[in-house]
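# Structural description and commentary
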Amino acid sequence: DTGVSQDPRHKITKRGQNVTFRCDPISEHNRLYWYRQTLGQGPEFLTYFQNEAQLEKSRLLSDRFSAERPKGSFSTLEIQRTEQGDSAMYLCASRTTRTGGDGYTFGSGTRLTVV
Amino acid sequence: SQQGEEDPQALSIQEGENATMNCSYKTSINNLQWYRQNSGRGLVHLILIRSNEREKHSGRLRVTLDTSKKSSSLLITASRAADTASYFCATDLRGQNFVFGPGTRLSVLP
């Protein structure tokens, strides 16, 4: 499979718990992005990496959110002390800038429900 | 307000008809892209048009870009029930991240 993989597909957690999501991008893609999407809305940018460096973070990414891409390959997004407002679809996407760039390739997302 | 906004918010057509969706944006862009999203799924990249291009085709899709009006349109010809989805435009700001609009929900009725 040469697409973007996200794990898990669904996560139900109790308010206050920590959750971690994983994204495996297309191997030759140097950029990896995290977006959040709520029902009926477009994806909202959270953060992105170029290789292992986190280059930009949105103001949406509060102190409870942290993302890593330790070896420039897979990435994790952790949410600490989850709140009901964190319930959303978390989308990962990757792309390459080496060939002039193209569109994102998105994963299928992780749907988080905080109860 | 959002950088990219699609219009209309929702569109219902009969199979075989053409569907046109528009996107307006506010600031200068490097390129503009259109994506499709089926319910509960990730987004699928449809087409990218660069700021120096005016029109691009891919199968039944035709995208236009008017940088003077800061707008783009996506035309789907001879629509099929399988085209039912949400369609998003995304603008590339400074080559960094892409900003998505709220989308157009297209329903193609058999």
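See above for the structure.
Residues numbered from 1 in each chain as written. Chains lettered and ligands numbered in written order. Predicted model: local features only at pLDDT ≥ 70, side-chain atom pairs only at ≥ 80, totals over all residues. Heavy atoms only, no water.

Right, let's talk about the sheet that holds strand 7 (residues 65-68) of chain A for a bit. Residues and elements named next belong to chain A. Taken together, the four strands give an open sheet; going across it, the order is 1-3-8-7, and neighbouring strands pair in antiparallel fashion. Looking at which strands have only one partner, the edges of the open sheet turn out to be strand 1 (5-7) and strand 7. The mean inter-strand angle of the sheet, taken between neighbouring strand axes irrespective of direction, is 15°. Judged from the three bridges that link them, strand 1 and strand 3 (residues 19-24) form a sheet pairing that is antiparallel. Residue pairing for strand 3: Asp 7 is matched across the bridge by Arg 22. (Pairing = 2+ DSSP bridges. Helix = DSSP H or I, 4+ residues; strand = E, 2+ residues; numbered from the N terminus. Axes fitted to C-alpha atoms, helices over the stretch in contact; angles between N-to-C directions.)

Turning our eyes to something else, we now look at the sheet that holds strand 1 (residues 4-7) of chain B. Residue and element names in this part refer to chain B. Strand order in this open sheet of five strands is 1-3-8-7-6, and the pairing throughout is antiparallel. If you trace the sheet from one side to the other, it starts and ends with strand 1 and strand 6 (55-58), each paired once. Neighbouring strand axes in the sheet, compared pairwise and without regard to direction, differ in orientation by 15° on average. Where strand 3 (residues 19-25) meets strand 8 (residues 71-76), six bridges bridge the pair, whose relative direction is antiparallel. By the bridge assignment, Met 21 is partnered in strand 8 with Leu 74.

Residues and elements named next belong to chain A. With the rule as written, the count across this model stands at seven salt bridges over all chains. For the salt bridge of Asp 24 with Arg 22, the shortest nitrogen-to-oxygen distance reads 2.7 Å. Its relative accessible area of 34% is what places Arg 22 among the partly exposed residues. Measuring nitrogen to oxygen at the nearest pair gives 4.0 Å for the salt bridge that ties Glu 44 to Arg 36. Judged by relative accessible area, which is 32%, Glu 44 ranks as partly exposed. Looking at Arg 36, the relative accessible area reads 13%, which means it is buried. (Salt bridge = Lys/Arg side-chain N within 4 Å of Asp/Glu carboxyl O. Buried < 20%, exposed > 50% of the residue type's maximum accessible area, 1.4 Å probe, protein only.)

Of note, Ser86(B) is situated in strand 9 (residues 85-92). Beyond its immediate sequence surroundings of up to four residues, Ser86(B) is in contact with Tyr35(B), Arg36(B), Gln37(B), Thr104(B) and Arg105(B). (Contact = heavy atoms within 4.5 Å.)

As a further point, take the environment of Glu44(A). One can find Glu44(A) in strand 5 (residues 44-50). In this structure the C-alpha to C-alpha distance between Glu44(A) and Trp34(A), which are ten residues apart in sequence, comes to 8.6 Å.

Turning to the state of the cysteines, a few remarks are in order. Residue and element names in this part refer to chain A. Counted according to the given criterion, the structure contains two disulfides over all chains. Two residues, Cys 23 and Cys 92, share a disulfide whose sulfurs are 1.8 Å apart. Since a negative S-S torsion denotes a left-handed disulfide, the Cys 23-Cys 92 link at about -70° is left-handed. Separated by 69 residues along the polypeptide, Cys 23 in strand 3 and Cys 92 in strand 9 (residues 88-95) bring together distant segments of the chain. (Disulfide = S-S within 2.5 Å.)

Let's shift gears to the interface of chain B and chain A. The accessible area lost on association of the parts is a frequent measure of interface size. In this assembly, 21 residues from chain B lie in contact with 24 residues from chain A. Here chain B and chain A share an interface that buries about 1,600 Å² over both sides, 45% of which is from carbon and sulfur atoms. At the boundary of chain B and chain A, one finds four residue pairs in polar contact (both at pLDDT 80 or more). For the side of chain B that touches chain A, the secondary structure elements donating two or more residues are strand 4 (31-37), strand 5 (43-50) and strand 10 (98-100) of chain B. The dominant element in the side of chain B that touches chain A, judged by the number of residues it contributes, is strand 5 of chain B, at four residues. In terms of residue class, the side of chain B that touches chain A is made up of seven nonpolar, ten polar and four charged. (Buried area = accessible area lost by both parts, 1.4 Å probe. Polar contact = N/O pair within 3.5 Å; in protein donor to acceptor, adjacent residues only side chain to side chain. Nonpolar A, V, L, I, M, F, W, Y, C, P; charged D, E, K, R; others polar.)

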